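An overview of the molecular structure
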Amino acid sequence: MRAYLSVFRMRLKMELQYRGAMIGGIVCQMFFGIVLVALYHALYASKAQAMPIESVATYVWLQQAFFRMMVATDQDLYDKIKTGNISYDLCRPVDMYWFYYTRIAAQKLMGSLMRGIPMMLVAFLLPKGWGMTLPYSISGLFSGLLALFFGLLCMCALENITMAISMRTLDPKGIAGMLGLLMVTFSGNLLPLTLFPDSWQKIITMLPYAQLLDAPIRLYSGEYPVSDLPLIIIRQAGWAAVLILLGIWLWERNRRKMIIQGG
Amino acid sequence: MNTLHLYIRSMGMLLRSQLQYTSSFIMQTLAQLVMEGGEMLAVILVIDRFESLKHWTGGNLFFFFGLMSVSFYITEFFGRGVTGNFPSMVRSGQLDTLLLRPRGILTQVLCSGVDPRRITCIAVGVTALVMGSNMSRVSWNILKVLALAESIVMSCMLILGLFLIEGIFCIHSVKSVELVNALTYGGRSACQYPIDIYPRPLKILFTVLAPFALTMHVPAAYIMDKPLYGWPTWTVFVTPLSGALVFAILVMLFNRGVKFYRSTGS
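Residues numbered from 1 in each chain as written. Chains lettered and ligands numbered in written order. Predicted model: local features only at pLDDT ≥ 70, side-chain atom pairs only at ≥ 80, totals over all residues.

Once that is clear, we can look at the interface of chain B and chain A. Counting residues at the interface gives 31 residues for chain B, matched by 27 residues for chain A. Listed by contribution, the elements that provide at least two residues to the side of chain B that touches chain A are helix 2 (22-50), strand 1 (52-53) and helix 9 (181-191) of chain B. Sort the elements by how many residues they give to the side of chain B that touches chain A and helix 2 of chain B lands first, with 14 residues. Of the residues belonging to the side of chain B that touches chain A, the class tally is 19 nonpolar, 7 polar and 5 charged. (Contact = placed C-beta atoms within 7 Å. Helix = DSSP H or I, 4+ residues; strand = E, 2+ residues; numbered from the N terminus. Nonpolar A, V, L, I, M, F, W, Y, C, P; charged D, E, K, R; others polar.)

This is how it looks when you write it as structure tokens:
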């Protein structure tokens, strides 16, 4: 356990190094947020929806703020797979799955906090209807945070599955691209899940992708009442367990059949 | 003419070399299809929920989306050297070898990359264009075809020009600058919807600084018989030229920038 904790800590520190790139990233992400909010304002002017525009804006900003949590990948690991250097990691006296799980968890957590917190601060300052609103209630905020933690567990598990698959195909771009698209679409980043057709809602909110950011955001904005929290946590924890088990199984199979790239 | 010949030769060579890895190529091309399909799905869902956007119908929106996809991905297909490879060429010092050869830097950079996987993205864009044109009941005539062709060519030049900004920054700071993405990829996201729905600052940004509105929205609106801001017909053929203008200015700046290039030494 201590080994994994120190991996986690080291990775956190590493992520803190790239502060320069961070500012450019924040500005860019903010710009995307503003464009999206502007688009929804125009759409709402044509046909208003049940969900108020303030909530849509909050949804967009939270998605943008935690975007890094979703898309951050362990570039080192990709390179190691490609060059064959992953063989060194096989020699470590730790479990490979959890070794990489803690690394990616640290990367996603720190990356999104560093970008997300300043972005949310700015988003709060924007005029009403354009910026973020305060949480629906204090308990909504805390249940959202708790759900975000479980969402992070799911996200890291999904990331490790993608890695396991690209270890077999050796070509991270194809499969990773497709899985990434599924994630961006069904997590609500491309279009808030609340704006998907009503008939789809029952299914898409059950998918693992909705557990990542959609569920926490809906708790935050009061779309889901706090009384639903136990149910949501059970759903998230269930998906996290399934995805982690699947990931461990895939990694174990890879480990047995591993052919190291020479070079 | 010699330059063009060189470019076509390089493209042929690069294409053949990329097609050597058939299965990987097919996988990645499919992945591109799914990705761009996802973008289109978002537009479909938006139209499904909101039906129209101000005075633009669903069909109009497909047309705008299609025009953006086609232009953007043609640029990425043929201009891969600028849109993708350049930052790593600077970082790895690969650019040094280009400086030694008796050809323009930009020509060589353009000749260095092609991205045939984008073909499926272009196909999605064409589908959206056809769908949009059918749904908006466009009555095509020779003028409209010309306007569309000019719009696509000029938009490609504009997009290539905007990607050059990243190249220029890159020469000065070595690291690729994420900020520039706001203009290129941000422009793609924003301007796949017509410009007149946005608030004034965004309108100014995408009309004056990065004139997507002039190269795409003015001609597209004319083709669908809903002239943007009610501008007269001659503007349809004049405003897209701003794409070439932006490209020319940035090529000039790029060539000046290269003079300041210092190799990373690796």
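Our focus in this paragraph is unusual backbone geometry. Residues and elements named next belong to chain B. Backbone geometry places Glu51, a non-glycine residue, at a positive phi of 65 degrees. A tally of 12 C-beta atoms within 10 Å means that Glu51 is categorised as exposed. A positive phi angle, close to 50 degrees, is found at Arg137, a residue other than glycine. Inspection of the secondary structure puts Arg137 in the loop between helix 7 (119-135) and helix 8 (142-173). The exposure class assigned to Arg137 is exposed, which follows from the 10 C-beta atoms found within 10 Å. (Buried ≥ 20, exposed ≤ 12 C-beta atoms within 10 Å, placed from the backbone.)

Next up on the list: helix 10 (residues 200-209) of chain B. For an α-helix the count is 3.6 residues per turn, leaving residues at separations of three or four pointing the same way. Residue and element names in this part refer to chain B. Restricting attention to buried positions, one finds in helix 10 the residues Leu202, Leu205 and Phe206. For helix 10, the angular spread of buried residues about the axis comes to 80 degrees, placing them on one side. Across from the buried face of helix 10, at angles greater than 90 degrees, the exposed residues are Arg200, Ile204 and Val208. (Arc of directions from axis to C-beta.)

What follows deals with the environment of Gly81(B). Residue and element names in this part refer to chain B. When you line up the elements, Gly81 lands in helix 4 (residues 80-92). The buried category is assigned to Gly81, around which 23 C-beta atoms lie within 10 Å. Sequence spacing of Gly81 and Ile249 is 168 residues, and the spatial spacing of their C-alpha atoms is 19 Å.

Turning our attention to the confidence of the model for chain A. As a general rule, the predicted coordinates of low-pLDDT regions are not to be interpreted in detail. Averaged over chain A, the pLDDT score is 84; the fraction of residues at 70 or greater is 96%. Here helix 9 (residues 172-186) of chain A stands out as the element of chain A with the lowest mean pLDDT, 77, in contrast to helix 13 (residues 229-257) of chain A, whose mean of 90 is the highest. (pLDDT = per-residue confidence, 0-100.)

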